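# Summary of the model geometry
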Amino acid sequence: MSKSQSSSGLQQPSQPFITKVGKFFEGLKENKLLGTKCKKCGTTYFPPRVDCAKCLTDEMEWIELSGEGELATFTVNTTPPESFSKYGTYIIGIVKLNDGPPVMTWLKDVKPEDVKVGMKLKIEFIESPELGIKYSFVPVD
Ligand SMILES: [Zn+2]
């Protein structure tokens, strides 16, 4: 399957991609985790997509995700990059959201000896320019 790149002069109402996903970052400022949902088949996407991978439509709408889910898989990294070095060993996990797609994230406040698949997690919004991330997931107690 290849998509033709040729421009036939059609007037397509194309918004720049950056404008569309920009809403995602606006949402984070308000402590909202935004994804997109296909208006046709209902598939949800995170990170947000501007078109649906299943039915190839661009009729997408923004949805707010709960930010709660459970751990699907994880990697314990004992050699963090420099920006994470003060945290020592860190864990990167994939959280399956209750109401949406899987999210790859740093698992803050989870010790390597405590991490396990299926544990309940929720989002925590953080402001950390040095890490370049806006959120992590922490255990639900
Ligand atoms: Zn779809």
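Residues numbered from 1 in each chain as written. Predicted model: local features only at pLDDT ≥ 70, side-chain atom pairs only at ≥ 80, totals over all residues.

### Re the nonpolar core
In a soluble, globular protein the nonpolar side chains are often hidden away together inside. Counting residues in hydrophobic clusters, the biggest one holds 14 residues, and the most contacted among them are Ile-91, Val-95, Leu-97, Leu-107, Leu-121 and Phe-137. Looking at this core, the elements with two or more residues in it are strand S5 (90–97), strand S6 (102–106) and strand S7 (120–128). If one sorts the elements of this core by residue count, S5 sits on top with four residues. With residues near it in sequence (within four places) discarded, Leu-97 still touches Leu-65, Ser-66, Glu-68, Gly-69 and Val-103. (Core = buried A, V, L, I, M, F, W, Y, C linked by C-beta atoms within 7 Å. Buried ≥ 20, exposed ≤ 12 C-beta atoms within 10 Å, placed from the backbone. Helix = DSSP H or I, 4+ residues; strand = E, 2+ residues; numbered from the N terminus. Contact = placed C-beta atoms within 7 Å.)

### Considering the confidence of the model for the protein
One rule of thumb: low pLDDT means the predicted coordinates there are not for detailed reading. Averaged over all residues, the pLDDT of the protein equals 83, while 85% of them reach at least 70. Per-element averaging of pLDDT across the protein places helix H1 (residues 17–29) at the bottom with 74 and strand S4 (residues 68–77) at the top with 95. (pLDDT = per-residue confidence, 0-100.)

### Side note on unusual backbone geometry
The peptide bond linking Phe-46 to Pro-47 adopts the cis configuration, its omega dihedral lying at -5°. Residue position: Pro-47 is located in the loop between strand S2 (44–45) and strand S3 (60–65). Here Leu-56, not a glycine, exhibits a phi torsion of approximately 60°, which is positive. For Leu-56, a count of 11 C-beta atoms within 10 Å translates into the label exposed. In this model, Asp-109 sits at a positive phi of 60°, which is unusual for a non-glycine residue. With respect to the element layout, Asp-109 can be found in the loop between S6 and S7.

### Points about the environment of Cys-52
Within the secondary structure, Cys-52 is located in the loop between S2 and S3. By C-beta crowding, Cys-52 is classed as buried, having 20 other C-beta atoms within 10 Å. With 15 residues separating them in the primary sequence, Cys-52 and Lys-37 have C-alpha atoms 8.2 Å apart. When neighbours within four sequence positions are excluded, Cys-52 is seen to be in contact with Cys-38, Lys-40, Cys-41, Thr-43, Thr-57 and Met-60.

### What about the sheet that holds strand S1 (residues 33–38)?
As summarised here, the arrangement of the three strands in space is S2-S1-S3, forming an open sheet in which the pairing is antiparallel. Of all the strands in the sheet, just S2 and S3 have a single pairing partner and so form its edges. Relative to S2, S1 runs antiparallel, the two sharing two bridges. Looking at S2, one finds that Lys-37 is bridged to Thr-44. (Pairing = 2+ DSSP bridges.)

### Quick word on the pairing of S7
Bridging between S4 and S7 involves three bridges; their strand directions are antiparallel. Note that in S7 the partner of Gly-69 across the bridge is Leu-121. Judged from the six bridges that link them, S7 and strand S8 (residues 133–139) form a sheet pairing that is antiparallel. Following the sheet pairing, Ser-128 is matched in S8 by Ile-133. Here S7 folds back onto S8 in antiparallel fashion, the turn holding four residues, of which Gly-132 has a positive phi close to 70°.

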